[in-house]
Amino acid sequence: MIVAGLTGGIATGKSLVASMLRDEGIPVFDADQTARDIVQPGKPAWEDVVKAFGEGVLAADRTLDRAKLGAIVFSDAAKRKTLEAITHPRIREAIAQNVIDVATKGGDLAIVDAALMIETGWSKDFFGVIVVDVPEAVQLSRLEARDKVSEADARKRIAAQMPLAEKRSHATWVIDNAGTPDETRRQVKALAATL
């Protein structure tokens, strides 16, 4: 079975490409959604997060308050590593189980969608990596429009991530999402046929 990774920078259109891959009948497993699933109240990861960070990271309904937790871990690298040590192995385990389920049912291809795949070294575990790419000017304007932020704020968010040029250097395949959705879909169809 072939398992490929899918990644890209903020506002490059990774979610669009993931949706198009699903349209081609390819199972796509989203690491961000899995991260939310594993920290539902009462689950082992939720319990470990509460033990590590205290009840102050919980909302009134006992779910994690992602904003409070984010404020803690993005201002303290050691605490971010603690959170990653709790969640990353469980995210990978849950996605691996999803891939096994696909293989058990006769599937021969799956995609794992993860924003920080290259940064965390996870990309080395895949057959290849698809990077969704756009020129910086396109990324900037899409981010400003999507998140309704100033150009300065958009630039800060982009600067906080691995540069797209560096991501491209790790790519097995690049999807150029700077054009129309139809142009992107043609590239996705061609890639799906190749895989």
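Conventions adopted
Residues numbered from 1 in each chain as written. Predicted model: local features only at pLDDT ≥ 70, side-chain atom pairs only at ≥ 80, totals over all residues. Heavy atoms only, no water. Pairing = 2+ DSSP bridges. Helix = DSSP H or I, 4+ residues; strand = E, 2+ residues; numbered from the N terminus. Axes fitted to C-alpha atoms, helices over the stretch in contact; angles between N-to-C directions. Contact = heavy atoms within 4.5 Å. Parallel < 35°, antiparallel > 145°, perpendicular 65-115°, else oblique. Nonpolar A, V, L, I, M, F, W, Y, C, P; charged D, E, K, R; others polar. Buried < 20%, exposed > 50% of the residue type's maximum accessible area, 1.4 Å probe, protein only.

The five strands are arranged β2-β3-β1-β4-β5 in an open sheet whose pairing can be described as parallel. A single partner strand is all that each edge strand has here, and the edge strands are β2 (28–30) and β5 (173–176). Within the sheet, the average angular offset between the axes of one strand and its neighbour, ignoring direction, is 25 degrees. The pairing of β2 with strand β3 (residues 109–113) spans three bridges and is classified as parallel. Note that in β3 the partner of Val28 across the bridge is Ile111. In this fold helix α1 (residues 14–23) packs onto β1 (2–8), β2, β3, β4 (129–133) and β5, with an angle of close to 150 degrees to the strand it touches most, β1. Packing of helix α9 (residues 181–194) onto the sheet brings it into contact with β4 and β5, and relative to β5 it is tilted by some 160 degrees.

Moving on, we come to the packing of helix α3 (residues 44–53) against helix α5 (residues 77–104). Running from N to C, α3 and α5 point in directions that differ by 170 degrees, and their axes come no closer than 10 Å. By the criterion of interaxial angle, the relationship of α3 to α5 is roughly antiparallel. Where α3 abuts α5, its residues Pro44, Ala45, Asp48, Val49, Ala52 and Phe53 lie against Lys79, Thr82, Leu83, Ile86 and Arg90. Its residues assigned to classes, the contact of α3 with α5 shows seven nonpolar, one polar and three charged.

What follows covers the pairing of β4. Counting buried positions over the five residues of β4 gives five, a clear majority of the element. Burial along β4 is two-sided: Val129, Val131 and Asp133 and Ile130 and Val132, pointing in opposite directions, are all buried. Sheet topology places β1 next to β4; four bridges connect them, and they run parallel. When the sheet's bridge partners are listed, Leu6 is paired in β4 with Ile130.

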